[in-house]
Amino acid sequence: MEFKYILVTPQYAEEIALIQINRPKELNALSLEVMGEIRDAIKTLDNDKSVKAIILTGNEKAFAAGADIKQMQGKGAIDMLAIDQFTTWDTIKRTKKPLIAAVSGFALGGGCELVMICDMIIASETAKFGQPEINLAIMPGAGGTQRLTRAVGKALAMEMVLAGRFITAHEALQAGLINKVVPVELYLEEAVILAKQITRFSTVAVQLAKESVNQAFNSTLDEGLAFERKNFYMCYASEDQKEGVQAFVDKRPAKFIGK
């Protein structure tokens, strides 16, 4: 499958695929076409049994500096409703496999929202996160007011959304938005290390565990616990669970097959 605005490497590392947004002159602005290509690539990789984890990245200057503003020009409410751009975001959100964002430079507006759809975030020391839509007399529409608030709390989210404040990678780490900050030359390598750690385990257990963590953001505690217990029992239906327990008893490395 050929893409115009992204680069896809299904075997960037063993069992790890890499998607790189590739619009350097536009600081990787997320046009409708770019988001469509990201969606299609993720769907393909999500169905590829040779891939166990996906890394999404940009370049050293920008993960993505926001939406493509030119595509908004002259649009009215009905125009935006007809475009229905957020269906693409919902599809990406439903990715079953672990999705890791490797971020350097700007992750702003839609870029920040795309990062927050990912399951884990590795950032370089140069990374900056923000929701500056207020400068255009609009507001975030792809989860910026919801996921950001859940990640960093009401006060900081209000400042970022209402005052357009950018936060540094170290501030994002302290606030709980990202997993780790590393030197700029290591941010992609560190994302691969994290992905490799995950790919060691049963894909069945990883998928069920990911679903359960995500459920915590969409339900009450009791509902989340019920969902967690269902998925816990589901693990016992897999061959990998039997192998994992036997390998532990035998004091040997487990050989998981994803079944």
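Residues numbered from 1 in each chain as written. Predicted model: local features only at pLDDT ≥ 70, side-chain atom pairs only at ≥ 80, totals over all residues. Heavy atoms only, no water.

Chemist: Any chance you could explain the state of the cysteines here in plain terms?
Modeler: The final tally for this structure, using the stated rule, is zero disulfides. Of all cysteine sulfurs in the structure, the one in Cys118 sits closest to Cys112, which takes part in no disulfide; the separation is 11 Å. (Disulfide = S-S within 2.5 Å.)

Chemist: I'm lost on the pairing of strand 1 (residues 6-13) in this one. Help?
Modeler: For a regular strand, side chains alternate in direction, first toward one face of the sheet and then toward the other. Relative to strand 2 (residues 16-21), strand 1 runs antiparallel, the two being bridged by five bridges. If you follow Val8 over to strand 2, its bridge partner there is Ile19. Joining the antiparallel neighbours strand 1 and strand 2 is a turn of two residues, in which Glu15 adopts a positive phi near 65°. (Pairing = 2+ DSSP bridges. Helix = DSSP H or I, 4+ residues; strand = E, 2+ residues; numbered from the N terminus.)

Chemist: Would you explain the sheet that holds strand 3 (residues 53-57) in this entry?
Modeler: Whether parallel or antiparallel, the strands of a sheet pair through hydrogen bonds between backbone atoms. One open sheet accounts for six strands, arranged 1-2-3-5-7-10; its pairing is mixed. Lying at the two open borders of the sheet, with one neighbouring strand each, are strand 1 and strand 10 (180-182). Taken over all neighbouring pairs, the strand axes of this sheet differ in orientation by 20° on average, direction set aside. (Axes fitted to C-alpha atoms, helices over the stretch in contact; angles between N-to-C directions.)

Chemist: So what exactly am I meant to see when it comes to the packing of aromatic side chains here?
Modeler: Pairs of aromatic rings are described using the distance from one ring centre to the other and the angle between the two planes. Using the criterion set out here, one finds two aromatic pairs in the structure. Sitting over the ring of Phe227, Lys230 keeps its end group 4.8 Å from the ring centre. (Phe/Tyr/Trp six-rings, centres within 6.5 Å; stacked < 30°, edge-to-face > 60°. Lys NZ or Arg CZ within 6 Å of the ring centre and 35° of its normal.)

Chemist: Looking at this model, I keep getting lost on the pattern of salt bridges. Mind explaining?
Modeler: Oppositely charged side chains may form a pair once their charged atoms are brought near each other. Evaluation of the coordinates by the stated rule reveals nine salt bridges. Glu26 is paired through a salt bridge with Arg23; the nearest N and O atoms lie 3.7 Å apart. Note on Glu26: relative accessible area 39%, which makes it partly exposed. Between Glu171 and Arg165 there is a salt bridge, and its shortest N-O distance comes to 2.3 Å. The class for Glu171 is partly exposed, based on a relative accessible area of 28%. (Salt bridge = Lys/Arg side-chain N within 4 Å of Asp/Glu carboxyl O. Buried < 20%, exposed > 50% of the residue type's maximum accessible area, 1.4 Å probe, protein only.)

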